[in-house]
Amino acid sequence: MAAAAAHLLCPASAASPAKPRQFRTRGRRTHQAEPSRCFSCRASLGPDGSLAMLGAPSPRPAPPMTRPYLREHSCLIFPPPRGRRPLALVKFLGGAFIGAVPEVTYGYLLELLAREGFLVVCVPYNVTFDHEAAAREVFDRFHACYDALLTSGLPEAGLSALDIAELPLYSVGHSNGALLQLLVGSYFSERIPKANAIVSFNNRPASEAVPYFEQIGPVFSQLMPMMEASPVYSVARNASGDAWKALFDLAGGVIREYDQEAMVSLSKFVDQLPSVMNQVTEGVSEFKPTPPENREFCKNSYSVPNTLLVKFSVDAIDDTDIVEDVLRPRVDSIGGQIKKVVLSGTHLTPCIQDVKWQVGSEYTPADALAQGLKSLALNETRVLSRTIADWFRSL
């Protein structure tokens, strides 16, 4: 770049601009020669006298990704296949607890959405009985990551900051994550997504969401002092990588490649357990705001114009029908649209993983049954991914 600037100021370039050199071949055809250099400032010149900038250092390509996700500001990013321009940026929130380790619990679904052409940003969050605090935490975490992407891009995926800035913003939430997406769209009126995909919405009182909740508090109050004094508790909180690796192996390979990145999320998952137990021992008996308060607030303040509601055919804790009645008048009043679909599956369909089934020395009927059930479950997750992708594409 310095050579280009010097050549533009070079007197020789104005007095005698370079002319293209030619040579003759045996077949008498005239060809352009390779670029030359200005004798005065040594800038590289093309065959027509333009700046060719030979020898200028080219940008070093980013190293290839060794896993399907990247980590940025505590968020996990699942980019589309390299070289493919994303259709949109999708913010994803998983369910309570399991959403803290999304690469383990939602990895298959997130990869499917990325292959559909979306840049997926998954936001882990801490479980708490204060849903308003959780929603604001998610909003802040996501936008810290989003702002970093708008500043630096995502070179590992071949995406510039400008590429990302041009993308529309959508959101997907599952179970408790679906509730938080609705609350984010109600607490905030700016920097919110253009559309939400709300999957298996659930917002029940604590006594229904957690069986025997009233009895759990007193039990924890008695057990927590003994647990904290136990050396086993301390060891569990500070388990080494080898210990966790053994647990991963026992899990049947859900984590396909053991690495330190997965340990980051798993450590956060473990660290939030004492906080939740402490809230219970301190007498917390209900979520806040309460489910009726959340419904009333969304009824009056929800500002996301396009909403897809997804429920599954077998899901005893789904509240999609209730939230549809709450949201539809509000969405109609802001000129938006709301759509509900019922898919085959269960509350855990978004969490199904492509676990490798190890066949023994002989292929048995049990192997056939297990592989058939696995294939059916994975197909339901693929249908979910396509349903969400098709909805976003239609906007």
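The protein is annotated in an unreviewed UniProt entry as Eukaryotic initiation factor 4F subunit p150 from Urochloa decumbens.

Before going further, it helps to spend a moment on the overall build of the protein. On a plain count of helices and strands, the protein comes out with 15 helices and 12 strands. The buried share among the 395 residues of the protein stands at 43%. In the protein, 76% of the contacts between residues at least 6 apart in sequence involve partners at least 24 apart. When the accessible area of the protein is evaluated, it comes to approximately 20500 Å², of which 57% is carbon and sulfur surface.

Let us look at helix H13 (residues 291-301). Among the residues making up H13, those that are buried are Pro 291, Asn 294 and Cys 298. The buried residues of H13 occupy one face: seen down the axis, they fall within an arc of 55°.

It is worth spelling out the environment of Ala 134 at this point. Mapping Ala 134 onto the fold places it in helix H5 (residues 131-152). The spatial distance from the C-alpha of Ala 134 to the C-alpha of Leu 183 is 9.4 Å, given a sequence separation of 49 residues. Sequence-distant contacts of Ala 134, defined by excluding residues within four places in its chain, comprise Thr 128 and Leu 180.

Note: predicted coordinates in regions of low pLDDT should not be interpreted at a detailed level. Here the protein shows a mean pLDDT of 77. Residues at 70 or above account for 59%. Confidence drops under pLDDT 50 across residues 11-16; counting only partners more than four residues distant or on other chains, this segment forms three contacts. Across residues 211-224, where pLDDT falls below 50, the model places 19 contacts with residues more than four positions away in sequence or in other chains.

Residue Lys 288 is joined to Pro 289 through a cis peptide bond whose omega torsion reads -10°. Tracing the backbone through its elements, the reader meets Pro 289 in the loop between helix H12 (260-281) and H13. Of note in the backbone geometry, Phe 97 takes a positive phi value of approximately 70° without being a glycine. As for its placement among the helices and strands, Phe 97 is situated in the loop between strand E7 (88-93) and helix H3 (102-105).

Packing of helix H7 (residues 176-187) against H13 leaves a shortest axis separation of 9 Å and a crossing angle of 50°. Here H7 lies oblique to H13, going by the angle between them. In the crossing of H7 with H13, the sense of the turn from one axis to the other is left-handed. Counted together, Leu 179, Leu 182, Leu 183, Gly 185, Ser 186 and Tyr 187 of H7 and Asn 294, Phe 297, Cys 298 and Ser 301 of H13 form the full contact between these two elements. The residue inventory of the contact of H7 with H13, partitioned by class, reads six nonpolar, four polar and no charged.

This paragraph deals with empty space enclosed by the protein. Over the atoms rolls a probe the size of a water molecule, and in doing so it shows where empty space is left. For the structure on display, the rule yields two cavities of 30 Å³ or more. Taken as a whole, the largest cavity holds about 60 Å³ of empty space. Around the largest cavity, the lining residues are Leu 179, Leu 182, Phe 201, Asn 203, Asn 294, Arg 295, Cys 298, Val 323 and Val 326. Only H7, H13 and helix H14 (320-333) provide two or more residues apiece to the lining of the largest cavity. Classifying every residue of the lining of the largest cavity by side-chain character gives six nonpolar, two polar and one charged.

Glancing now at the state of the cysteines. In total, this model carries zero disulfides according to the counting rule given. Summary of cysteine pairing: Cys 75 is not part of a disulfide, and the nearest cysteine sulfur, belonging to Cys 145, is at 4.2 Å.

So, on to the pairing of strand E11 (residues 306-314). When you tally the buried positions in E11, you get seven out of nine residues, the bulk of the element. Direction of pairing for strand E10 (residues 195-199) relative to E11: parallel, over a ladder of five bridges. Bridge pairing in E11 places Ile 198 opposite Leu 309. One ladder, built from eight bridges, connects E11 with strand E12 (residues 337-346); its direction is parallel. Each bridged residue has a counterpart across the sheet, and for Thr 307 the counterpart in E12 is Ile 338. Following the backbone out of E11, through H14 and into the adjacent parallel E12, one traces a crossover that is right-handed.

So, how was this worked out
Residues numbered from 1 in each chain as written. Predicted model: local features only at pLDDT ≥ 70, side-chain atom pairs only at ≥ 80, totals over all residues. Heavy atoms only, no water. Helix = DSSP H or I, 4+ residues; strand = E, 2+ residues; numbered from the N terminus. Buried < 20%, exposed > 50% of the residue type's maximum accessible area, 1.4 Å probe, protein only. Contact = heavy atoms within 4.5 Å. Areas by Shrake-Rupley, 256 points an atom, 1.4 Å probe, with all protein chains shown as cover. Arc of directions from axis to C-beta. pLDDT = per-residue confidence, 0-100. Axes fitted to C-alpha atoms, helices over the stretch in contact; angles between N-to-C directions. Parallel < 35°, antiparallel > 145°, perpendicular 65-115°, else oblique. Left-handed = near helix turned anticlockwise from the far one by under 90°. Nonpolar A, V, L, I, M, F, W, Y, C, P; charged D, E, K, R; others polar. 1 Å grid on protein atoms, 1.4 Å probe; cavity = no way out; pocket = protein on both sides within 12 Å on 5 of 7 lines; lining within 4 Å. Points joined across faces, edges and corners; volume = space filled by probe spheres on them. Disulfide = S-S within 2.5 Å. Pairing = 2+ DSSP bridges. Right-handed = clockwise from strand over helix to strand, strands pointing away.

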